[in-house]
Amino acid sequence: MGEQRKFITYLDSMSPPPRIQPMKWTREEIYEKLEQLRKAPKKDPRAGTVASLYNPSTGNVMGTTPSILAGFQWIEPGEHGQAHRHTFAGIYYVVRGRGYTVVDGQKIEWKEGDVLSLPAWSFHENVNTDPNEPAILLGVFDLPLMMGLRTMLEEELEGGYQEIKQEV
Ligand SMILES: [Fe+2]
């Protein structure tokens, strides 16, 4: 333990900041990955098929930038994800399809091109209401920031689904 400790003088270790590489993921790569992942036998009951964009130059175990994670969520026709909440907040952009998200009992319908903001620590579940077509959401989350602060926490809702109290 003693060998791992050291002193750093005032702000010296922060200059210059580490260089983060710009990165691009093509539409073809993203769809190919989603197609591959959705055939996997075991999926997360909360989120279905998720392909997150990882930039290794962040030096983190995940993240598209050091503080932000972007990822695509493929929701199968009629799929209903299980309710959960986490300390990272998010923004969803509806790339394709239609459906709704229940946020703390509030049902919010969405369609292609819509944007939805998801507050931190709010129970949510995403639903694809189209019986034939998949829905695709682009999610942008401050998850790596929460991990860096050691404040990342996640909880599943007992029973799996929320009661809808209000519709928007
Ligand atoms: Fe979530």
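Our subject in this report is the structure included herewith.

Parameters and conventions
- Residues numbered from 1 in each chain as written.
- Predicted model: local features only at pLDDT ≥ 70, side-chain atom pairs only at ≥ 80, totals over all residues.
- Heavy atoms only, no water.
- Helix = DSSP H or I, 4+ residues; strand = E, 2+ residues; numbered from the N terminus.
- Buried < 20%, exposed > 50% of the residue type's maximum accessible area, 1.4 Å probe, protein only.
- Contact = heavy atoms within 4.5 Å.
- Areas by Shrake-Rupley, 256 points an atom, 1.4 Å probe, with all protein chains shown as cover.
- Pairing = 2+ DSSP bridges.
- Donors = N, O, S within 2.8 Å, 3.2 Å for Na, K, Ca; no water.

## Describing the overall build of the chain
Of regular secondary structure, the chain possesses two helices and eleven strands. The N-to-C order of helical and strand elements in the chain reads α-β-β-β-β-β-β-β-β-β-α-β-β. Taking the principal axes of the C-alpha coordinates as reference, the chain spans close to 60 × 35 × 30 Å. A total of 168 residues make up the chain; the buried ones form 35% of that total. Put simply, of all contacts in the chain between residues at least 6 apart along the chain, 73% involve residues at least 24 apart. About 10,800 Å² of surface is accessible on the chain, with carbon and sulfur atoms providing 55% of the total.

## Focus on the pairing of strand S8 (residues 124-128)
A regular strand places its side chains on the two faces of the sheet in alternate fashion. Burial of S8 is extensive: five of the five residues sit out of reach of the surface. Residues of S8 alternate between two faces, with His124, Asn126 and Asn128 on one and Glu125 and Val127 on the opposite face, all of them buried. Pairing analysis gives five bridges linking strand S5 (residues 98-103) to S8, with the strands arranged antiparallel. Paired with Val103 across the bridge in S8 is His124.

## Some thoughts on unusual backbone geometry
The backbone phi angle of Trp121 is positive, close to 55°, even though this residue is not glycine. The residue Trp121 is located in the loop between strand S7 (115-118) and S8 in this model. In this structure, Arg150 is a non-glycine residue whose phi angle is positive, near 60°.

## Remarks on the coordination of the iron ion
In this structure, His84 (NE2), His86 (NE2) and His124 (NE2) serve as the protein donors to the iron ion, at separations of 2.2 Å. The exposure class assigned to His124 is buried, which follows from its relative accessible area of 1%.

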